[in-house]
Structure formats: C-alpha cells, structure tokens
Amino acid sequence: MYKEPEILVGLDLGTSKIAVIVAERDSRFQEAQIIGIGFAPSQGIRKGLIINLEQAVRSVRQAVKDAQNMVGFEIAEATVSFSGLDVTSVTSKGMVSLGRTPRQVSIADVERVIEAAQSELSIPTNRLTLHTIPVKYSIDGNSGIDDPLGMTGIRLEMELQSVIVPTTVVQNIINCVESAGVEVNGLVIKSLASALGALTDEETRAGVISLCIGGGTTGLALYTDGRPVKLSVIPIGGDHITNDLAYIMKIPISKAEEIKKMVSLSDEENEEQELDVDVRGRTKTFNIREASEVVTCRLEELFTEYVSHQIAEYSLHMFPAGIVLSGGVAKTPGIESYSSEILNLPVRVAEPLDMYQMPPGRNDCEYTTAAGIIRYMTSKERNPYRFIETPVSHLRSGSALLSQQHGAKNERKSAARGQGMGFRGVIEYLKKSLKELF
Ligand SMILES: Nc1ncnc2c1ncn2[C@@H]1O[C@H](COP(=O)(O)OP(=O)(O)OP(=O)(O)O)[C@@H](O)[C@H]1O
Ligand SMILES: [Mg+2]
C-alpha cells in the first residue's frame, strides 16, 4: 500500500541567518532526502539569543515562507537548532547491579543506569537539561560497549553527557518559532547539529573537534570513540570581526562586512593590496593587509583563549582527525593553515555531508548546522540511546517540570526532583521509541 512520504523539517535559528531545511523520507527507505532550504537574514537575534521577539518572529516567518515556496507545501512543525550562551555539557557516571548471577541487560536496566547517572547531576534552578547523551557503557568493567541491550553480566555502568542550557533561552526560542506559526517538535544545540552535519563516521571514531564559527557564536563539539564527550558554545563569531573592523577603520558595519570577506589569512594573498571604498559619499583607501591584522587578532583570541581553554583537559592525541571547521567564518581564505598552526592539529573546512542533496548556493559550510538537524532527527529515531532529548512539552513556559524547578527552595533538592520529573518524561519517550523500534 502506498504511504505518503514523511516530512522532516529543521530550523536553524542563527545570529546572521535563519535556515529552514525540508527533507522527505519514503517509508521504504530509511534515509531522508533533502528537498528544499529556505533562508532569511536574522533580525532580533544576537549571540544566538533573542533580543527582539517581534523582529525574530518576522525573520522566522520569512525563512519558513521561503522554504514553503521551494517545496510547495505548508510547514507545520520543525526541530530547531539554536546556539545561545551559557551552554555547558557535564559528564556523570551511573552504576547498577544486575544481580548476583550474570544475566542479560534489559531495557529497564538501561533506564535504571541512565537514571543513576542523571541523579549525580546538580542542575541550578534556572537551567535545564536539554540533551542526555550516553557516551560509554561498560559491563563488569569491560568498557567500549556500544549497545548493552541483551549482553550478559552482573554490573552495568555508564558515562552520560548532559547538555545544560538556561531555561529562559529555551523558552524564548520555543515562543519565537511558535509565534511564527511553526510548532517546535524538538530542540538541538547548534554544536551538536553542526557536528552531525559535518563530521564523517571515520572522524568521530578516530577523535575529532568540530568548530562551527557562525555570526555570533562558535559551537564546539569534541568526539572520541564516535560519541560527543563535550559540547559547548563560545560567545565569539564573525560579527565580532565585523564590529572590530568598523570600529578600528571608522567605517559603517555594512562596509566592514564587505571588507572582511575580501581578507585572506595567508600573507601573500594580501600583498600590499589596496582597496577603494565609498564611505558616506567619500572614497577611502584601505590596505587589505591592515584589515587582515584585525581579523587575525580576533580569530587568535577565539583559538588561543577560548578553544584552547576548552580542550585543555584533553590530550591532543585524542583527536587524530584534527579540527573540522564550519559556519560562515570558515569561508575566510587561509583559515585552515592559520588555525592548524595555532592549534597544532590538522584542519579541514567542512561542506555538509549531504551537500549533493542541497540546492547550489545553499550547500556550503554555512549550512552544515541546518543539514545536521535532519541527521539528528533520523539518528535519534534510529537509535534511541544515542541522543535522548527532553520533550518540548516539558520545556514550554508553565510546564510542570519548570514550575517545580522554579518553585523549590533548596536548589540541590529541586534540581534532583525537577530533573527526576523531567527525566521521567525522557524515559517515557525512550520507552515509546524502543517499542516502535522492536
Ligand atoms: N566569505 C566569508 N568570509 C568571511 N566571513 C564570512 C564569509 N561569509 C560569511 N561570513 C561570516 O559568517 C558569519 C555568518 O555565519 P553563519 O551563517 O554560520 O552564522 P549563523 O548561523 O547565522 O550564526 P550563529 O550560529 O553564530 O548563531 C557572519 O559573521 C558572516 O560575516
Ligand atoms: Mg549557526
């Protein structure tokens, strides 16, 4: 019997642009096929945060309309990626006994061990867990187990990665997208979506760092053994470079943006090149080499202060696949060798893994996050253990989870209870997914 193809929609709420990606999945084939990408410049969003709701809603509407025109049908719901500040990922460990005599691990055991690892966390009242990502399972001390279900032992242990975000950031994002007429059916942090859109399986298995340098933020994801071991958002992006140029050269932002895109990070290419720019009706001459110094200054800050700091607790040997750059700033000529020298790792600039399915002009490194949302959606469905997401119904303003978190007096207690309640929702989701799977 013919079944209508399933439609998957991802909405990347960026500081510079909003991208709406639409994919179609035929029930006979598990892979999704991208059929359109809508685009609109972002307004009312700074450093990934909504600062003017009305403008942001208008931008979302515009991007959705653009996508609708491309695919020829209405978009009702989407999974949204966002960056925001103050995003952290925390590792916790859990252990459960399977009994005195060895037996097979059941779904209930996996739930118990996830819950045990979750209970180790203390979440402040104004934050919530967005993603719960099992990183490592071990049975009777044998680590590196990909899927523990059905395996035999007496002790199940796990390491969990939890992505913690400020509650109001998430609420404002849901509110913004839903005010634009699109229901939010899932949320994914930009760092994870970009990594999924850019990294090959070989790279994640070997160990790799994904850096998505966007307009207002840089998403960082560290992978070892195929799993993300750290996800965070750094508050620096291309807009900072533009602002620096505008300030130092005393030119309008729009001109600074133009000049920035002409700068190369390899010295030979900027060789005494001069540029005449019309500034408020007068021609001003700029030296591209000077502009490139401003650009490198900010990028140096990003790589040496922020990125190096975030990876300091790991040995560089853990990332033999090096660094994979994406986001608009990765288009800067010469950024590969420049960053490779600073960070002492091999660097490549990513195109989205699915670029051949994407329309020309909307398939470069600026669109890896958007493409990654679709991969996130399919991967979450295929393997419910990989990414457990707190259901959106628990995140909307006024949900039981949030009121419990906000109402509690004792921070630690409230965190445990609120978390427990949110986690029950997560467990329900996990159970449902597992039922569908088997
Ligand atoms: N050719 C280029 N050279 C240098 N920078 C560029 C180039 N093209 C785009 N950019 C910069 O990339 C940034 C936009 O990147 P991107 O579209 O990935 O950001 P975003 O997803 O909207 O923002 P964020 O992810 O930070 O919220 C802008 O600062 C833009 O100036
Ligand atoms: Mg982005």
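Check the entry above for the structure.
Quantities reported herein were computed from a predicted structural model and do not represent experimental measurements.

How each quantity is defined
Residues numbered from 1 in each chain as written. Chains lettered and ligands numbered in written order. Predicted model: local features only at pLDDT ≥ 70, side-chain atom pairs only at ≥ 80, totals over all residues. Heavy atoms only, no water. Disulfide = S-S within 2.5 Å. Buried < 20%, exposed > 50% of the residue type's maximum accessible area, 1.4 Å probe, protein only. 1 Å grid on protein atoms, 1.4 Å probe; cavity = no way out; pocket = protein on both sides within 12 Å on 5 of 7 lines; lining within 4 Å. Points joined across faces, edges and corners; volume = space filled by probe spheres on them. Nonpolar A, V, L, I, M, F, W, Y, C, P; charged D, E, K, R; others polar. Patch = residues over 30% accessible without salt bridge, like charges linked within 9 Å, V, L, I, M, F, W, Y side chains within 5 Å. Areas by Shrake-Rupley, 256 points an atom, 1.4 Å probe, with all protein chains shown as cover. Salt bridge = Lys/Arg side-chain N within 4 Å of Asp/Glu carboxyl O. Lys, Arg positive; Asp, Glu negative; His and termini not counted. Charge placed at Lys NZ, Arg CZ, Asp CG, Glu CD. Helix = DSSP H or I, 4+ residues; strand = E, 2+ residues; numbered from the N terminus. Pairing = 2+ DSSP bridges. Axes fitted to C-alpha atoms, helices over the stretch in contact; angles between N-to-C directions. Contact = heavy atoms within 4.5 Å. Near = heavy atom within 4 Å. Polar contact = N/O pair within 3.5 Å; in protein donor to acceptor, adjacent residues only side chain to side chain. Expected span 1.5 Å × (residues − 1).

Draft legend 1. Summary view of the state of the cysteines. Tallied over the entire structure, the rule returns zero disulfides. In this model Cys 212 remains outside any disulfide bridge; the closest cysteine sulfur is found in Cys 365, 8.5 Å from its own. Using a relative accessible area of 4% as the deciding quantity, one classes Cys 365 as buried.

Draft legend 2. Structural context of the layout of surface pockets. Approximately 1000 Å³ is the volume found for the largest pocket. The wall of the largest pocket is formed by 43 residues, among which Asp 201, Thr 204, Tyr 223, Gly 226 and Arg 386 lie closest to the centre. Residues that form the lining of the largest pocket fall into these classes: 16 nonpolar, 13 polar and 14 charged.

Draft legend 3. Representation of a negative patch on the surface. Taken together, the side chains of Glu 274, Asp 276, Glu 290 and Glu 293 make up a negatively charged region of the molecular surface. Mapped onto the negative patch, the elements with two or more residues apiece are β17 (274-279) and α8 (288-311). Positionally, Glu 290 belongs in helix α8. Using a relative accessible area of 48% as the deciding quantity, one classes Glu 290 as partly exposed.

Draft legend 4. Representation of the pairing of strand β16 (residues 227-234) in the model. Most of β16 is tucked away, with eight of its eight residues classed as buried. By the bridge criterion, seven bridges tie strand β15 (residues 218-224) to β16 in an arrangement that is antiparallel. By the bridge assignment for β16, Thr 218 is matched with Ile 234. The turn linking β15 back onto β16 is made up of two residues, and Asp 225 within it adopts a positive phi angle of 50°.

Draft legend 5. Looking closely at the sheet that holds strand β20 (residues 347-349). Read from one edge to the other, the open sheet built from five strands follows the order β16-β15-β14-β19-β20, with strand pairing classed as mixed. Here the strands that pair on one side only, and so sit at the sheet edges, are β16 and β20. Between one strand and the next, the sheet's axes are offset by a mean angle of 20°, whatever the strand orientation. The pairing of strand β14 (residues 208-213) with strand β19 (residues 323-326) spans four bridges and is parallel. In the sheet register, Leu 211 faces β19, and the bridge partner there is Leu 325. Most of the contacts of helix α9 (residues 335-343) go to β20, to which it runs at about 150°, and overall it touches β14, β19 and β20.

Draft legend 6. Structural detail: a positive patch on the surface. Among the surface-exposed residues, Lys 250, Arg 280, Arg 282 and Lys 284 lie close enough to one another that they form a single positively charged patch. Inspection of the secondary structure assignment puts Lys 284 in strand β18 (residues 282-287). Judged by its relative accessible area of 32%, Lys 284 falls in the partly exposed class.

Draft legend 7. Region of interest: the site of ligand 1. Around ligand 1 there are 21 residues in total, and Thr 15, Ser 16, Lys 190, Glu 257 and Lys 260 lie nearest to it. Note that an oxygen atom of ligand 1 is positioned 2.7 Å from one of the side-chain N or O atoms of Lys 190. Burial of ligand 1 by the protein chains amounts to 93% of its free accessible area of 660 Å². Elements with a minimum of two residues in the shell around ligand 1: α6 (238-249) and α7 (253-260). Residues that form the shell around ligand 1 fall into these classes: one nonpolar, 12 polar and eight charged.

Draft legend 8. Focus on α8. With 24 residues, α8 ought to run about 34 Å at 1.5 Å a step, and its terminal C-alpha atoms sit 32 Å apart, in line with that. Residue Asn 287 occupies the N-cap position of α8, its side-chain oxygen lying 2.8 Å from the main-chain nitrogen of Arg 289.

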